[in-house]
Amino acid sequence: MNMKKTPFNKRKIEKLVRELIVQLGENPDREGLLGTPERMADMYEEIFAGYCMNSELDISFSEEIDSIIAKDIQFYSMCEHHMLPFFGRIHIAYTPSGKVFGISKLARLVEKYSKRLQIQERLTKEIADEIMKMGVVRNDSTIITVANRGLVDQSDARAHLLAQIYDSKPKAHTV
């Protein structure tokens, strides 16, 4: 996974967590809490790694394919309003313009935006916008449930893609 330089100051996060423990009325030096600030700083670095990630969508392959659907990409994120976790699955569908992304790149794209303080509505918008920005999508793209673009905004194309996503046994179909 391609990572940029981390914006995290782990020592400062450790100090802040230690202060939080004190403000909660606990003793950060008691046996059960020893090392907690360091463990939390390590955890936050992993949970919020999306701020440092590159989704690598600039790497694509020449291939003529009608449409690409990546189903059930799991994500875990942190709500920016309460800093509590939320999770789910994302489906991505797009029609390539002679260039396709590797499926692992789509999963990385989801990680890039989900591993941040986030809200679900912005998460799907950011994913759709980055796919559009890469300029390899001939007939635009959709992130199911929130953002429709171009061809997929037309009801017959959208119905076909939704049927492909929700049908447990995909069928060959020409649009």
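Note that the structure is a prediction, hence the values are computed from the model and not measured. (Residues numbered from 1 in each chain as written. Predicted model: local features only at pLDDT ≥ 70, side-chain atom pairs only at ≥ 80, totals over all residues. Heavy atoms only, no water.)

1. Thoughts on the overall build of the chain
Thought 1: Along the chain, the regular secondary structure elements total five helices and seven strands.
Thought 2: The order of α-helices and β-strands along the chain, N terminus first, is α-α-β-β-β-β-α-β-α-β-β-α.
Thought 3: Expressed as a percentage of the 175 residues in the chain, the buried residues total 39%.
Thought 4: When contacts within the chain are restricted to residue pairs at least 6 apart in sequence, long-range pairs at least 24 apart make up 62% of them.
Thought 5: When the accessible surface of the chain is totalled, it reaches about 10500 Å², and 53% of it is carbon and sulfur. (Helix = DSSP H or I, 4+ residues; strand = E, 2+ residues; numbered from the N terminus. Buried < 20%, exposed > 50% of the residue type's maximum accessible area, 1.4 Å probe, protein only. Contact = heavy atoms within 4.5 Å. Areas by Shrake-Rupley, 256 points an atom, 1.4 Å probe, with all protein chains shown as cover.)

2. Focus: the packing of helix α1 (residues 10-23) against helix α2 (residues 36-47)
Thought 1: It is at 8 Å that the axes of α1 and α2 come closest, and there the two elements cross at 125°. The orientation of α1 with respect to α2, classified from their angle, is oblique. Where α1 crosses over α2, the handedness of that crossing is right-handed. Seen from α1, the contacting residues are K10, I13, E14, V17, R18 and I21; seen from α2, they are T36, P37, E38, M40, A41, D42, Y44 and E45.
Thought 2: Grouping the amino acids of the contact of α1 with α2 by side-chain chemistry returns seven nonpolar, one polar and six charged. (Axes fitted to C-alpha atoms, helices over the stretch in contact; angles between N-to-C directions. Parallel < 35°, antiparallel > 145°, perpendicular 65-115°, else oblique. Left-handed = near helix turned anticlockwise from the far one by under 90°. Nonpolar A, V, L, I, M, F, W, Y, C, P; charged D, E, K, R; others polar.)

3. Observations concerning the packing of aromatic side chains
Thought 1: Using the criterion set out here, one finds five aromatic pairs in the structure.
Thought 2: Grouped by ring-pair contacts, the aromatic residues Y44, F48 and Y51 constitute a single cluster. (Phe/Tyr/Trp six-rings, centres within 6.5 Å; stacked < 30°, edge-to-face > 60°.)

4. What to know about the nonpolar core
Thought 1: The biggest cluster of nonpolar side chains holds 19 residues, and the ones touching the most others in it are I90, I92, Y94, L106, V110, I127 and I131.
Thought 2: Those elements giving two or more residues to this core turn out to be β2 (68-79), β3 (85-96), β4 (99-101), α3 (103-114) and α4 (120-133).
Thought 3: The dominant element in this core, judged by the number of residues it contributes, is β2, at five residues.
Thought 4: Grouped together as the second largest cluster of nonpolar side chains are 10 residues, F8, I13, L33 and C52 included. (Core = buried A, V, L, I, M, F, W, Y, C linked by side-chain atoms within 4.5 Å.)

5. A few points about α4
Thought 1: The end-to-end C-alpha distance of α4, which contains 14 residues, comes to 20 Å, matching closely the 20 Å that a straight helix rising 1.5 Å per residue would cover.
Thought 2: Every buried residue of α4 is accounted for by L123, T124, E126, I127, A128, E130 and I131. (Expected span 1.5 Å × (residues − 1).)

6. Some words on the confidence of the model for the chain
Thought 1: Residues at a pLDDT of 70 or more form 79% of the chain, whose mean pLDDT is 81.
Thought 2: Within the chain, the element-level pLDDT minimum falls on strand β6 (residues 137-143), averaging 43, and the maximum on α1, averaging 97.
Thought 3: Per-residue pLDDT stays below 50 along residues 138-147; that stretch engages in 45 contacts with residues further than four places along the chain or on separate chains.
Thought 4: Across residues 170-175, confidence stays below pLDDT 50; counting only partners more than four residues off in sequence or on other chains, it has five contacts. (pLDDT = per-residue confidence, 0-100.)

7. Considering the pattern of salt bridges
Thought 1: Going through the model one piece at a time under the given rule, you end up with 10 salt bridges.
Thought 2: For the salt bridge of E45 with K10, the shortest nitrogen-to-oxygen distance reads 3.3 Å. One end of the pair, E45, is in helix α2; the other, K10, is in helix α1, and 35 residues separate them in sequence.
Thought 3: In this structure, E14 engages R11 in a salt bridge whose closest nitrogen and oxygen atoms are separated by 2.9 Å. Note that E14 and R11 are positioned in helix α1 at a spacing of three residues, about one turn of the helix.
Thought 4: Judged by its relative accessible area of 11%, E14 falls in the buried class.
Thought 5: Within the structure, one salt-bridge network assembled from shared partners comprises K10, D42 and E45. (Salt bridge = Lys/Arg side-chain N within 4 Å of Asp/Glu carboxyl O.)

8. Re the pairing of β3
Thought 1: Pairing geometry for β2 and β3, over nine bridges, is antiparallel. Bridge pairing links F75 to G88 in β3.
Thought 2: Two successive antiparallel strands, β2 and β3, enclose a turn made up of five residues, where M83 displays a positive phi of approximately 55°. (Pairing = 2+ DSSP bridges.)

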